[in-house]
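Commentary on secondary and tertiary structure
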There are 2 protein chains.
Amino acid sequence: MAVINRVDTFDIRFPTSLSLDGSDAMNPDPDYSAAYVVVGTDAPDGLEGHGFVFTIGRGNDVQVAAIDTLRHHLLGRDADVLLADMGATARLFRDDSQLRWLGPEKGVMHMAIGAVINALWDLRAKRAGEPLWLHLSRLSPEEIVALVDFRYLTDVLTPDDALEILRAAVPGREERTEQLLREGYAAYTTGPGWLGYSDEKLARLCREAVAAGFRQIKLKVGGDLGDDVRRMRIARSNVPDGFPIAIDANQRWDVGAAIEWVNALKEFEPAWIEEPTSPDDVLGHAAIARGVAPVRVATGEHAQNRVMFKQLLQVRGVDVLQIDATRVGGVNENMANLLLAAKFGIPVCPHAGGVGLCEAVQHLSMFDYVAVSRTREGRMIEYADHLHEHFVVPVEIREGHYVAPTAPGAGTEMLAESIAAHSWRNSYSEVRA
Amino acid sequence: MAVINRVDTFDIRFPTSLSLDGSDAMNPDPDYSAAYVVVGTDAPDGLEGHGFVFTIGRGNDVQVAAIDTLRHHLLGRDADVLLADMGATARLFRDDSQLRWLGPEKGVMHMAIGAVINALWDLRAKRAGEPLWLHLSRLSPEEIVALVDFRYLTDVLTPDDALEILRAAVPGREERTEQLLREGYAAYTTGPGWLGYSDEKLARLCREAVAAGFRQIKLKVGGDLGDDVRRMRIARSNVPDGFPIAIDANQRWDVGAAIEWVNALKEFEPAWIEEPTSPDDVLGHAAIARGVAPVRVATGEHAQNRVMFKQLLQVRGVDVLQIDATRVGGVNENMANLLLAAKFGIPVCPHAGGVGLCEAVQHLSMFDYVAVSRTREGRMIEYADHLHEHFVVPVEIREGHYVAPTAPGAGTEMLAESIAAHSWRNSYSEVRA
């Protein structure tokens with residue numbers, strides 16, 4: 001028995017808006033932040049589970065307050081029991097009807113649940129002495145199905161459907177694991193394309209991204225069409241012929257405007273248009289997908305839960321599914337999202353960047369390859385070169401690929417000195433004053 | 001010039017779970033609560049704007065924390081300017097990109113914005129010396145259109161579409177206003193049907209509801225089919241032949257289960273099935289609507305924003321639209337929802353009950369009748385007999401109708417002594433201890 005005796009939260013903020021890192025048409029001045037939680041037990045191993053929600057500044061304190069409301073589900077509980085049945089543990093949070101009212105299953109409260117679930121997975125993987133991706137990849141199909149909440153999914157994906165997908169992936173697990181350890185998982189980079197960057201910086205970063213071996217670059221668009229045309233032309237002339245350049249509008253447009261704008265950029269052959277409109281507009285995405293074909297539509301970083309992913313797939317509103325490690329209800333709900341994508345045969349290219357999103361989400365893509373989709377074709381993980389130095393196990397990029405992590409845990413643990421230095425009431429308020 | 005010099009928030013909770021008031025299949029033990037905000041200025045009139053978010057207990061503190069993050073948009077600002085252009089004021093909050101990340105436009109952060117917007121409308125109506133419904137009903141079509149955020153709506157509803165609807169309603173405004181003052185607006189009651197009530201209490205309350213002149217009653221269902229059959233039979237035998245009895249599953253079912261369950265209750269001729277499944281499942285609602293016809297589908301109290309309402313209407317997933325006064329971005333976004341319903345010719349029967357939802361939402365239905373839809377046919381406002389005594393202008397029900405309020409304001413102001421007595425750190429924690 002290992003009693004949970006500590007649930008600490010931290011309001012961690014970085015003043016990234018000062019350098020315009022991460023600027024786009026909807027988010028001109030983000031201050032990358034993390035509502036951070038540490039779960040500790042009285043076990044002699046001293047292991048902790050770390051999790052967080054990525055936010056972009058103001059309101060990070062609200063996100064922390066939401067995590068704080070979950071303390072009573074954890075403190076005094078036996079971690080052995082909670083970790084042994086993470087499906088039941090996830091339902092503990094889901095079935096807190098008073099908290100559910102604040103969503104349901106969306107926004108601040110849902111992300112708080114995700115952070116705690118991810119922290120528990122971090123603890124479980126550390127106890128197993130395995131990196132999370134490998135730990136998950138060794139679960140049986142039946143164990144994986146028991147982790148997924150099929151509520152609201154069964155018209156499209158039943159437990160039996162999921163079992164069929166997972167069982168088909170049992171043969172070859174070892175081989176794919178070895179492949180990942182040898183080759184890693186392909187990455188693409190948004191580094192060159194933030195809206196706040198100068199043309200010169202854009203051109204230079206495009207050349208550097210290609211030289212570094214990234215598979216694709218991505219440009220933020222949607223501020224001004226003339227600027228977008230100019231920047232796409234610069235990008236195209238600084239990468240090899242046929243090199244994929246995705247574009248990302250960060251929800252800037254209405255349906256009609258999205259179709260017009262993307263078609264105006266078609267000559268530059270965008271690899272995909274990302275977040276063309278409201279992440280809530282399932283039917284809008286379907287209309288846009290029809291209106292801009294053959295340009296593909298990508299979305300998901302703001303999709304609030306598995307019910308939205310289900311529908312985006314049902315209406316073919318999405319050609320590339322972009323899961324996010326901290327937007328939904330943690331590892332468990334992202335398993336549902338991966339299974340839905342596999343059912344529809346749609347590639348998953350996770351959203352990352354921010355604070356620690358790369359560190360966290362790589363585990364999900366690697367689990368997906370080994371145990372769910374069995375393919376890396378057309379799949380890449382986003383990469384942005386921000387703030388990795390604050391993590392105990394920072395991502396490692398080699399020749400444009402995520403190196404498969406081998407350290408135990410979910411990758412979500414920040415350095416103690418970084419937590420202390422960037423907790424809001426300490427450094428951040430001074431920098432901004 | 002009237003400078004906003006005070007934004008006070010309160011965490012107000014009532015221990016309603018002790019009596020099982022408000023219990024349903026998804027919410028067995030709600031403690032009706034309000035995350036409450038008061039906006040004051042330095043004007044000599046001493047008027048204040050009051051607004052709130054209704055929650056059901058735990059997490060009300062998170063909701064208050066979210067309202068607190070909006071203070072910097074208000075304090076020190078000229079209320080004259082903010083109130084004169086409430087469209088621009090609503091965009092102030094919408095365009096705070098750091099806070100937007102926490103939704104976007106959904107959940108805790110979006111409801112917080114709604115509370116503040118509603119508080120400002122309360123202040124504006126008080127300054128005008130008019131009840132909010134009348135104040136809104138006297139705006140020109142152009143002024144109303146300027147209040148609505150058409151972002152993400154224009155594929156279905158443009159400003160021109162809205163103008164056309166509103167201009168068609170200008171003739172007859174006076175007459176409809178007089179009608180409302182004379183006759184009020186029809187109500188239905190959920191009073192008899194809470195899951196936690198005994199069969200005897202159910203039967204008695206059904207008879208009382210009919211005697212009181214209510215147009216319809218509503219039963220909570222979805223816990224156990226045998227119980228639902230028994231309770232529907234009791235209800236049917238305690239109301240006149242053909243009297244409408246709606247049923248409400250509070251999101252309990254998956255799509256297939258919803259269709260089966262409702263069809264099993266069809267013999268009792270339910271007036272509508274409310275919230276059969278996840279409020280996020282637009283396509284699911286459409287499938288259910290097809291599967292249970294001619295039973296109508298009602299939903300909306302948990303629809304997070306205008307984008308969801310748009311889609312529910314686009315796919316004919318809803319036959320009765322249930323707006324809620326505090327779930328979305330305030331009066332402004334509910335104007336969008338009313339316009340969408342009018343465009344599709346779908347009746348609006350607001351969700352109410354909880355704490356103060358009746359007091360607030362009646363203004364929207366009355367505005368809708370005078371200035372938007374021009375009809376009360378098939379329209380009713382939900383009524384639950386809870387906690388009205390805490391409001392400065394409590395709703396008045398006469399012969400099953402909401403009496404049109406004539407006191408200035410939005411109806412959202414609680415009594416100072418109620419705020420003091422039920423602020424969480426005072427009374428609530430003692431009652432529950």
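Each remark here, short or long, concerns the structure printed above.
For the structure given in this document, a descriptive report is provided here. Bear in mind the structure is a predicted one, so any value in this text is a computation, not a measurement.

Calculation criteria
Residues numbered from 1 in each chain as written. Chains lettered and ligands numbered in written order. Predicted model: local features only at pLDDT ≥ 70, side-chain atom pairs only at ≥ 80, totals over all residues. Buried ≥ 20, exposed ≤ 12 C-beta atoms within 10 Å, placed from the backbone. Helix = DSSP H or I, 4+ residues; strand = E, 2+ residues; numbered from the N terminus. Pairing = 2+ DSSP bridges. Right-handed = clockwise from strand over helix to strand, strands pointing away. Least-squares fit on C-alpha atoms with pLDDT ≥ 70 in both. Contact = placed C-beta atoms within 7 Å. Nonpolar A, V, L, I, M, F, W, Y, C, P; charged D, E, K, R; others polar. Axes fitted to C-alpha atoms, helices over the stretch in contact; angles between N-to-C directions.

Digging into the pairing of strand 4 (residues 185–193) of chain A
Side chains on a regular strand alternate between the two faces of the sheet. All names here are of chain A. Within strand 4, nine of the nine residues are buried, which leaves the element mostly enclosed by the surrounding structure. Direction of pairing for strand 4 relative to strand 12 (residues 401–402): antiparallel, over a ladder of two bridges. Bridge pairing in strand 12 places tyrosine 185 opposite tyrosine 402. Relative to strand 10 (residues 381–383), strand 4 runs parallel, the two sharing three bridges. Bridged to tyrosine 188 within strand 10 is glutamate 382. Here two bridges tie strand 4 to strand 5 (residues 217–220), and the two strands are oriented parallel to one another. In the sheet register, glycine 193 faces strand 5, and the bridge partner there is leucine 219. Traced from strand 4 through helix 10 (residues 199–211) to strand 5, the parallel crossover comes out right-handed.

Topic: the relation of the copies chain A and chain B
Superposing chain A onto chain B requires a rotation of 180° together with a translation of 0.0 Å along the rotation axis, leaving an RMSD of 0.0 Å. Both copies are brought into coincidence by an operation consistent with a two-fold rotation axis. Using C-alpha coordinates, one finds that chain A approaches the rotation axis most closely at Gly107(A), a distance of 2.4 Å. When the interface residues of chain A are mapped onto chain B, 96% of them again lie at the interface, so the same face is used by both copies.

Some points on the interface of chain A and chain B
At the interface, 51 residues of chain A touch 49 residues of chain B. Top element by residues in the side of chain A that touches chain B is helix 1 (residues 60–68) of chain A. It accounts for five residues. In the side of chain A that touches chain B, the residues fall into 21 nonpolar, 21 polar and nine charged.

Describing the sheet that holds strand 3 (residues 48–55) of chain A
All names here are of chain A. Taken together, the three strands give an open sheet; going across it, the order is 1-2-3, and neighbouring strands pair in antiparallel fashion. The sheet terminates laterally at strand 1 (4–13) and strand 3, the two strands that pair on one side only. This sheet shows a mean twist of 15° between the axes of neighbouring strands, independent of strand direction. Its contacts with the sheet put helix 1 on strand 1, strand 2 (33–41) and strand 3, and the angle it makes with strand 1 is roughly 170°.

Quick notes on unusual backbone geometry
Following Ala293(A), the chain continues to Pro294(A) via a peptide bond in cis, the omega torsion being 10°. Geometrically, the link from Gly103(B) to Pro104(B) is a cis peptide bond, its omega value of -10° lying close to zero. Looking at the secondary structure, you find Pro104(B) in the loop between helix 4 (97–100) and helix 5 (107–128). Positive phi outside glycine occurs at Glu275(B), with the angle close to 40°. Note that Glu275(B) resides in the loop between strand 7 (270–274) and helix 13 (282–292). A count of 28 C-beta atoms within 10 Å places Glu275(B) in the buried class. Phi is positive for Arg316(B), close to 55°, though the residue is something other than glycine. By the element assignment, Arg316(B) lies in the loop between helix 14 (306–314) and strand 9 (320–321).

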